[in-house]
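If you want the building blocks of each chain, they are given just below.
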Amino acid sequence: MGLPQPPDLGASALPPGTYSGQVVVVTGGGTGLGKAIATEFARLGAAVAIWSRKEEHRAAGLAAVEATGARGMATECDIRKPEAVAGAFDAVEKELGLPDVLVNNAAGNFPAPAEDLSPNGWRVVVDIVLNGTFYCSREFGRRHIAAGTPGSIINVGASYSWTGGPGFSHSAASKAGVKNMTETLAVEWGPYGIRINGLVPGLFPHEDETADIRSTPGRGVNEDMRAPAGRVGYPRELGWAATYLASPYAAYVSGHTMVVDGANWQRRAMTNPEFTPIRDQMGKGPFEM
Ligand code: HXC
Ligand code: NAP
């Protein structure tokens, strides 16, 4: 049987207009889970700004936001560049006002055994996931502290922050850093009225997955049966969690990382299936220098 199906797309637990008059930035909001999160904020009345590198992604995110009847904005921004992040904040402040909510959702990732990773391959993922999240958070925090206004940050993570991520050493280390940063900033910025929480999706397939992610062994194959829930997550479920965490109904929740994965990451047991080395799991041949 597994876990029940969620309500339909378009439903919401929060009152209509929860985010009326508020401005929300979603990095990487033009694809996949970021787009789903942006849509749920828009449905609840927020004006939503989509930041990413590729024009076609931003256009898709903007269209999804505007289809709800909300106001949208799309800004080119490579979050690895602090000056581009500052410029994107300036652009949003000018057009919509200082963002009330920042969703650090953008990520870079590809499967690779650690021994195959080049220094630059490691660096790009750390730069996007860990450094980019810090640059966006820092800019958001400084502007709110200076203005004396409250705000809320959601950092989208991954459960290998706790467990390690064989085959994804760069992403797992970066996401662990993001989880830790969530806890630090929640303490530092609580006195200024700024909340910081993490949000971790489990297996959430979607049509925008990159070829690299699709190539991960097991991805796309019988996915519903790969978790105790007996089903995958639906992007709208992550959108509902994000809109709750940033809302006034979570006003006392900060420094927390919420996992939305049907308890999949707790399933480890003393006797696991026989172990296959990661290199073999990934279908790689013998290692060569
Ligand atoms: C090995 C790779 C590689 C691969 C890139 N590199 N892809 N190495 N296997 N599949 C190496 C390159 O050879 C290069 O190193 C370095 O990484 C930088 O590559 P570029 O293509 O120049 O980087 P860039 O254009 O900046 O693109 C960043 C990227 C790309 C991360 C590599 O994939 C990207 O833009 N991704 C954004 C979207 C994304 O990744 N979404 C996934 C999020 S999902 P050298 O040494 O050759 O210069 C997610 C799910 C989590 O996080 C859960 C999964 C289980
Ligand atoms: P996705 O569709 O590949 O989205 C990644 C987004 O990040 C893209 O829109 C991309 O846009 C943007 N991005 C990448 N590098 C950027 C940069 N340097 N500057 C600005 N934007 C950048 O991935 P997803 O599956 O929706 O993942 C969303 C989040 O959920 C990520 O944090 C991911 O780690 C996490 N997650 C996903 C799953 C899952 O099952 N899908 C599981 C665990 C965790 P541009 O290319 O236009 O820049």
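Up top is the structure these notes are about.
Residues numbered from 1 in each chain as written. Chains lettered and ligands numbered in written order. Predicted model: local features only at pLDDT ≥ 70, side-chain atom pairs only at ≥ 80, totals over all residues. Heavy atoms only, no water.

A. Examining the packing of helix α1 (residues 32-43) against helix α8 (residues 235-245) more closely. Two elements in contact, α1 and α8, have axes whose closest approach is 8 Å; the angle formed by their N-to-C orientations is 55°. In terms of orientation, α1 and α8 fall into the oblique class. The way α1 lies across α8 gives a crossing that is right-handed. On α8, the residues that touch Leu33, Ala36, Ile37, Glu40 and Phe41 of α1 are Pro235, Arg236, Leu238, Gly239, Trp240, Ala242 and Thr243. Across the contact of α1 with α8, the residue classes tally to 8 nonpolar, 2 polar and 2 charged. (Axes fitted to C-alpha atoms, helices over the stretch in contact; angles between N-to-C directions. Helix = DSSP H or I, 4+ residues; strand = E, 2+ residues; numbered from the N terminus. Parallel < 35°, antiparallel > 145°, perpendicular 65-115°, else oblique. Left-handed = near helix turned anticlockwise from the far one by under 90°. Contact = heavy atoms within 4.5 Å. Nonpolar A, V, L, I, M, F, W, Y, C, P; charged D, E, K, R; others polar.)

B. Seen up close, the sheet that holds strand β6 (residues 194-201). Sheet architecture is open: 7 strands sit in the order β3-β2-β1-β4-β5-β6-β7, paired in parallel fashion. Since the sheet does not close on itself, it has two edges, and those belong to β3 (72-76) and β7 (257-260), each with one partner. Between one strand and the next, the sheet's axes are offset by a mean angle of 20°, whatever the strand orientation. Sheet strands touched by α1: β1 (23-27), β2 (47-52), β4 (101-104), β5 (151-156) and β6. Its angle to β2, the strand with the most contacts, is close to 165°. With respect to the sheet, helix α6 (residues 169-189) is in contact with β5, β6 and β7, its orientation differing from that of β6 by roughly 160°. (Pairing = 2+ DSSP bridges.)

C. View of the site of ligand 2. Near ligand 2 lie 25 residues; those nearest to it are Thr31, Arg53, His57, Asn105 and His206. In isolation ligand 2 exposes 880 Å². Once the protein is present, 90% of that is buried. (Near = heavy atom within 4 Å. Areas by Shrake-Rupley, 256 points an atom, 1.4 Å probe, with all protein chains shown as cover.)

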